[in-house]
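Residues per chain, in single letters:
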Amino acid sequence: MLLVPTPFGPRNASDLRYVGEATSRPDPDTATPEAWRDYLYLEHNPAGWMRETWYDRINRVYFQVERNTATNEFRNPTMPVTKHGKQA
Amino acid sequence: MAGSPTALIRKTKAKLGGGPPRYSAAGLVRRGLSGDPWPRVWRDVDLKSSYDVVIIGGGVHGLATAYYLATNHGITNVAVLDKAYLGSGGSGRNTAIVRSNYLTPEGVAFYDRSLSLYNTMSTDLNLNVMFSERGHMTLAHTDGALRTMNWRAEVNKLQGINSSVITPAEVKKLAPSLDVGTDSRYPILGALYHPPGGTIRHDAVVWGYARGADHRGVEMHQKTEVLDILCEGGEGPDGKGAGGRVTGVRTSRGDISAPIVVNCTAGWASLISDMAGVKLPIHTRPLQAAVTEPVKVFLPTVVVSGSLHVYVSQTDRGELVFGASVDPFNNYNVGGSLEFTEELAGHVLELMPGISKMRLLRQWAGLCDMTPDYSPVMGTTPVDGFYVDVGWGTYGFKAGPVSGEAMAEAIATRQTPKIIAPFGLSRFASGALVGEKGAAAVGH
């Protein structure tokens, strides 16, 4: 069992859905095809600390947390951020 | 296949002294009676300061590439580096299953070439790889899965692959231990049956390629970790990145200069490519596997169930080998858990209720380098001289021979062979993905 410290308290990973590396989407109106490809497919895939996005199936929100992919330690879960940059 | 002209030529070459000292039944008896120790299979030599080709990763892919560079192209000033020991990664952790019943025409042609190389491997390498052509069965538990099986069967038949959809009654006849009743949670509606599929002793493949390559002059350096890849002329820091070229590698045992560096490191592929400033469409996830105590042979084929996230085969020793689907999040940690074992056991018992008294012997995991389309990433990169043979996800072992053959050709001729042209890194920019999820993934 992987216990994930979410902003709403600890949750079993099976209550959550893994989304992947935390990235920011380029502006679709101005992004070059290369930038769009990078956003869609390319990954850093580090063996160590990584900021990642998870989906909480129970609260139905996305949030971010840092995890060490070599040891499965977690730190700094953050509350979801709205479209306008405010904490939800 | 064993009688094909190329196999005959190779056999003759080996007899004329082109291969390593040959193993034989007479030799086995002689050493058995005399108690003489067997000679070391490959040499332990000092690391040189320069090579024509440096291959990072001493698994099936790296060793096969080195072997075919030496045998097919005469390039023997080659070093294979591994941070641990040969076959310590995915090559010794996979479930040793081979098959060619993929979904896309590109995938089918590619994996079928690999299967034909596996067919003649024991002769070619003069080492018994214990290929057991026992047939491969992929169960369908839903209408959607059955539709994909029919699709795969038709693509396979068109390319001359022996593959067909069979009924639950035929499934029962092939593997009587399976529960084909209709009252289970996921009843078996049919299966894709692929008689040429089977299992191989994966360690023997590693040793066979290492022995063959060593005899032709290739050097294998174990416990030699690559710390950095040296580049010049690239757009990134230290001359790395697009537009540059490779000049060598920095290892835990010193610097090596080499105009060609090949990344065959599977689960660690992103970390190695990062050293050359090349970003890959890969995420690393462990795949868990387990094995039971040995019992008498009762499961004659390989059985795969996508819906139940499990595949099962029985080894020659009688153990049942179980593989699961990859973990649902990126991870370089190969530790197992009781939760995993419990889930796996539940799924296996759903298929074969009769084995509930069997005990698990051990459990392990290997790292899988997953790509978005479940096809590999092979060939050149934006850094000149830096080649990749990565993105092998859960299907790397079965592709080992053809990958080595094609990568060796790509390196020796500086032309991408047709058989791997669809798998280039540039397909992610052009959008020409090769979607194999329906045939490569267990859990989907």
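Treat the numbers as computed from the prediction; the structure is a model and nothing was measured. (Residues numbered from 1 in each chain as written. Chains lettered and ligands numbered in written order. Predicted model: local features only at pLDDT ≥ 70, side-chain atom pairs only at ≥ 80, totals over all residues.)

J.: So what exactly am I meant to see when it comes to the overall build of chain B here?
T.: When helices and strands are tallied, chain B shows 13 helices and 19 strands. For chain B, whose C-alpha radius of gyration is 22 Å, the value lies close to the compact-globule estimate of 22 Å for 444 residues. By its C-alpha atoms, chain B is 65 × 60 × 45 Å across when sized along the principal axes. Scored against the burial criterion, the 444 residues of chain B give a buried share of 50%. Taking all contacts inside chain B whose residues are at least 6 apart in sequence as the whole, residues at least 24 apart take part in 76%. (Helix = DSSP H or I, 4+ residues; strand = E, 2+ residues; numbered from the N terminus. Rg over C-alpha atoms; globule rule 2.2 N^0.38 Å. Buried ≥ 20, exposed ≤ 12 C-beta atoms within 10 Å, placed from the backbone. Contact = placed C-beta atoms within 7 Å.)

J.: Is there a simple way to explain the overall build of chain A in this structure?
T.: Secondary structure summary: chain A contains 1 helix and 6 strands in total. Mapped in sequence order, the helices and strands of chain A form the string β-β-β-α-β-β-β. Taking the principal axes of its C-alpha atoms as reference, chain A extends roughly 40 × 30 × 20 Å. Buried residues in chain A amount to 12% of all 88 residues. Looking at chain A alone, contacts between residues at least 24 apart form 41% of all its contacts between residues at least 6 apart.

J.: Looking at this structure, how should I read the sheet that holds strand β9 (residues 226-232) of chain B?
T.: Pairing between sheet strands relies on hydrogen bonds along the backbone, with the strands arranged either parallel or antiparallel. Residue and element names in this part refer to chain B. What the 3 strands build is an open sheet, ordered β9-β10-β11; its pairing is antiparallel. One side of each edge strand has no neighbouring strand; the edge strands of this open sheet are β9 and β11 (254-257). Each strand of the sheet is rotated relative to its neighbour by a mean of 25 degrees, with strand direction disregarded. (Pairing = 2+ DSSP bridges. Axes fitted to C-alpha atoms, helices over the stretch in contact; angles between N-to-C directions.)

J.: What am I meant to see in the nonpolar core here?
T.: Side chains of a nonpolar character, in soluble globular proteins, are inclined to be buried together. Membership of the largest hydrophobic core comes to 125 residues, with the highest contact counts inside it found for B:Val53, B:Val54, B:Leu63, B:Val78 and B:Val303. When residues of this core are sorted by domain, at least three fall in each of domain 1 (48-127 + 202-281 + 373-440) and domain 2 (136-196 + 283-370) of chain B. Excluding anything up to four places from it in sequence, B:Val78 contacts B:Tyr51, B:Asp52, B:Val53, B:Ile55, B:Ala66, B:Leu69, B:Ala70 and B:Val218. In this structure, A:Leu16, A:Trp54, A:Phe63 and A:Val65 belong to the second largest nonpolar core, which totals 5 residues. (Core = buried A, V, L, I, M, F, W, Y, C linked by C-beta atoms within 7 Å. Domains from an automatic or database assignment.)

J.: What am I meant to see in the environment of B:Val297 here?
T.: Residue and element names in this part refer to chain B. For Val-297, the location among the structural elements is in the loop between β13 (283-292) and β14 (302-305). Owing to 11 C-beta atoms within 10 Å, Val-297 belongs among the exposed residues under this scheme. Those residues in contact with Val-297 that lie beyond four places of it in its chain are Gln-314 and Gly-318.

J.: Would you mind showing me how to read the sheet that holds strand β18 (residues 377-380) of chain B here?
T.: Residues and elements named next belong to chain B. Overall, mixed pairing links the 6 strands, which are arranged β8-β2-β1-β12-β19-β18 in an open sheet. On the outer flanks of this sheet lie β8 (219-221) and β18, each paired with one strand and no other. Each adjacent strand pair in this sheet contributes to an overall mean axis angle of 20 degrees, direction not counted. Along the sheet, helix α11 (residues 396-413) makes contact with β1 (53-56), β12 (260-263), β18 and β19 (386-390), crossing β19 at roughly 170 degrees.

J.: Teacher, can you tell me more about the environment of B:Val402 here?
T.: Residues and elements named next belong to chain B. Assignment of secondary structure puts Val-402 in helix α11. When the C-alpha atoms of Val-402 and Ile-419 are compared, they prove to be 9.0 Å apart, with 17 residues separating the residues in sequence. Contacts of Val-402, omitting those with residues within four sequence positions, involve Phe-110, Arg-113, Ser-114, Leu-117 and Ile-419.

J.: Before we go on, may I ask you to explain the packing of helix α4 (residues 105-119) of chain B against α11(B) in this structure?
T.: Residue and element names in this part refer to chain B. Running from amino to carboxyl end, α4 crosses α11 at an angle of 95 degrees, the nearest separation of the two axes being 7 Å. If you check the angle between α4 and α11, you find them roughly perpendicular. Contacts between α4 and α11 pair Phe-110, Tyr-111, Arg-113, Ser-114, Leu-117 and Tyr-118 from the former with Lys-398, Ala-399, Gly-400, Pro-401, Val-402 and Glu-405 from the latter. Its residues placed into classes, the contact of α4 with α11 shows 7 nonpolar, 2 polar and 3 charged. (Parallel < 35°, antiparallel > 145°, perpendicular 65-115°, else oblique. Nonpolar A, V, L, I, M, F, W, Y, C, P; charged D, E, K, R; others polar.)

J.: For this particular structure, what's the right way to read the interface of chain B and chain A?
T.: Buried accessible area, meaning the area lost when the parts come together, often serves as the stated size of an interface. In this assembly, 19 residues from chain B lie in contact with 14 residues from chain A. Breaking the side of chain B that touches chain A down by element, the ones donating at least two residues are α9 (269-274), β13 and α12 (427-430) of chain B. A breakdown of the residues in the side of chain B that touches chain A according to their chemical character gives 10 nonpolar, 7 polar and 2 charged.

J.: What should I look at first to understand helix α10 (residues 338-351) of chain B in this one?
T.: What sets the pattern is the α-helix's 3.6 residues per turn: residues three or four places apart point alike. Residue and element names in this part refer to chain B. Helix length check: α10 (14 residues) gives 20 Å between terminal C-alpha atoms against 20 Å at 1.5 Å per residue, within 8%. Taken as a whole, α10 has its buried residues at Leu-344, Val-348 and Leu-351. Each buried residue of α10 sits inside an arc of 50 degrees when the element is viewed along its axis, so together they form one side. Facing away from the buried side of α10, by more than 90 degrees, are the exposed residues Leu-338, Glu-342 and Gly-346. In this structure, the buried side of α10 is in contact with β13, β14, β15 (310-314) and β16 (320-326). (Expected span 1.5 Å × (residues − 1). Arc of directions from axis to C-beta.)

J.: Sorry, what's going on with the environment of B:Asn126 here?
T.: Along the chain, B:Asn126 turns up in the loop between α5 (121-125) and β4 (136-140). On the basis of neighbour counts, which here come to 18 C-beta atoms within 10 Å, the residue B:Asn126 falls in the partly exposed class.

J.: Sorry if this is basic, but what is going on with helix α8 (residues 202-215) of chain B here?
T.: Residues and elements named next belong to chain B. Taking 1.5 Å of rise per residue, the 14 residues of α8 would be expected to cover 20 Å, and the 20 Å separating its terminal C-alpha atoms lies within 8% of that figure. Along α8, the residues that are buried comprise His-202, Val-205, Val-206, Gly-208, Tyr-209, Ala-210, Arg-211, Gly-212, Ala-213 and Asp-214. On the buried face of α8, the contacting elements are α3 (60-73), α5, β8 and α11. Positive backbone phi, approximately 110 degrees, marks Gly-217, located one or two places after α8.

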